[in-house]
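# Fold and contact review
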Amino acid sequence: MVKAWKAAYSKHRARLKPNNRSASEIMTYVTQKYPLEELPHEELKEFVRYNILNNECYERKIPVGRPLIPHVFHVEHTGSGNDLYENQDDEFKGYEILVGFELETGYFLVEGSNQLWDEIFLFRGLDEYDIDNAYLVSEYIDCLKKAGQLDSVLTPVDKATI
């Protein structure tokens, strides 16, 4: 897998530019598109914090002196949420879909829906740190390909550099 990540990174990195959206834009996008119920459970918020603090690529985005601000939601089985449940991958069938956001770092997580994870990742884009991470670039490229958006995001090749 690491070889595949590095190959995708090498092939596409030079044609990517930071295009990320803020955490509040991401959360607004999802909360306006899907029926969500915010969950007040501190253990779920702690899970979001834990993921940030234990992944260097997210931990370095924590602003100095600012606390993490996690939010966790349950996707309801109504309206546009039904589409997510109807299209769950087999490994998630029968499980609730949860989505978490952290407002200081832009971190998000999705449990129970690869479709929603891909959608949020595409909407969020890559920041100046993500764009130098082979795994994140590879994942982003895969999401772009699945959505048929690869050519719309990659910058044109500068023939003078070839």
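It should be noted that the structure appears before, not after, this text.
First, a word on scope: everything that follows refers to the structure included in this document.

## Examining the overall build of the chain
Within the chain, the regular secondary structure consists of 8 helices and 4 strands. When the elements of the chain are put in sequence order from the N terminus, they spell out α-α-β-α-α-β-α-β-β-α-α-α. For 162 residues, the compact-globule estimate of 2.2 N^0.38 gives 15 Å, and the chain sits close to it at 17 Å. Seen along its three principal axes, the alpha-carbon backbone of the chain occupies a region of about 55 × 40 × 30 Å. The buried share of the chain, reckoned over its 162 residues, is 43%. Residue pairs at least 24 apart in sequence account for 65% of intrachain contacts in the chain once pairs closer than 6 positions are excluded.

## Points about the sheet that holds strand S4 (residues 108–111)
Strand pairing in a sheet is mediated by backbone hydrogen bonds. Such pairs are either parallel or antiparallel. Taken together, 4 strands build an open sheet; the order of strands is S1-S2-S3-S4 and the sheet is antiparallel. Among the strands making up the open sheet, the edge pair consists of strand S1 (36–39) and S4. Geometrically, the sheet is characterised by an average inter-axis angle of 25° between neighbouring strands, direction not taken into account. Of the pairings in the sheet, the one linking strand S2 (residues 70–75) to strand S3 (residues 98–102) comprises 5 bridges and is antiparallel in character. Looking at the pairing, Phe-73 lines up with Val-99 of S3. Contacts between helix H3 (residues 42–53) and the sheet are confined to S1, S2, S3 and S4, with S2 contributing the most and set at about 120° to the helix.

## Here's the deal with the layout of surface pockets
Once rolled over the atoms, a probe with the size of a water molecule shows which space is left empty. As a volume, the largest pocket reaches approximately 290 Å³. Lining the largest pocket are 15 residues, and of these Tyr-58, Tyr-107, Phe-108, Trp-117 and Tyr-135 lie nearest its centre. For the lining of the largest pocket, the secondary structure elements donating two or more residues are H3, S4, helix H6 (114–124) and helix H7 (134–147). If one sorts the elements of the lining of the largest pocket by residue count, S4 sits on top with 4 residues. Looking at the lining of the largest pocket residue by residue, the class counts come to 10 nonpolar, 2 polar and 3 charged. Of the volumes computed, that of the second largest pocket is approximately 160 Å³. Class assignment for the residues of the lining of the second largest pocket results in 2 nonpolar, 4 polar and 6 charged.

## Observations concerning the nonpolar core
Ranked by internal contacts, the top residues of the largest apolar core, which has 39 residues, are Leu-16, Val-99, Phe-101, Leu-116 and Ile-120. Ignoring any residue separated from it by four or fewer positions in sequence, one finds Phe-101 in contact with Ile-26, Met-27, Val-30, Val-48, Ile-69, Pro-70, His-71, Phe-73, Tyr-107 and Phe-108.

## A look at the pairing of S3
When you tally the buried positions in S3, you get 4 out of 5 residues, the bulk of the element. Relative to S4, S3 runs antiparallel, the two sharing 4 bridges. Note on S4: the bridge partner recorded for Phe-101 is Phe-108. The turn linking S3 back onto S4 is made up of 5 residues, and Gly-106 within it adopts a positive phi angle of 85°.

## A closer look at the side chain of Ser-138
Of note, Ser-138 is situated in helix H7. If we ignore the near neighbours within four places in the chain, the residues touching Ser-138 are Ala-4, Trp-5 and Ala-8.

Cut-offs and rules
Residues numbered from 1 in each chain as written. Predicted model: local features only at pLDDT ≥ 70, side-chain atom pairs only at ≥ 80, totals over all residues. Heavy atoms only, no water. Helix = DSSP H or I, 4+ residues; strand = E, 2+ residues; numbered from the N terminus. Rg over C-alpha atoms; globule rule 2.2 N^0.38 Å. Buried < 20%, exposed > 50% of the residue type's maximum accessible area, 1.4 Å probe, protein only. Contact = heavy atoms within 4.5 Å. Pairing = 2+ DSSP bridges. Axes fitted to C-alpha atoms, helices over the stretch in contact; angles between N-to-C directions. 1 Å grid on protein atoms, 1.4 Å probe; cavity = no way out; pocket = protein on both sides within 12 Å on 5 of 7 lines; lining within 4 Å. Points joined across faces, edges and corners; volume = space filled by probe spheres on them. Nonpolar A, V, L, I, M, F, W, Y, C, P; charged D, E, K, R; others polar. Core = buried A, V, L, I, M, F, W, Y, C linked by side-chain atoms within 4.5 Å.

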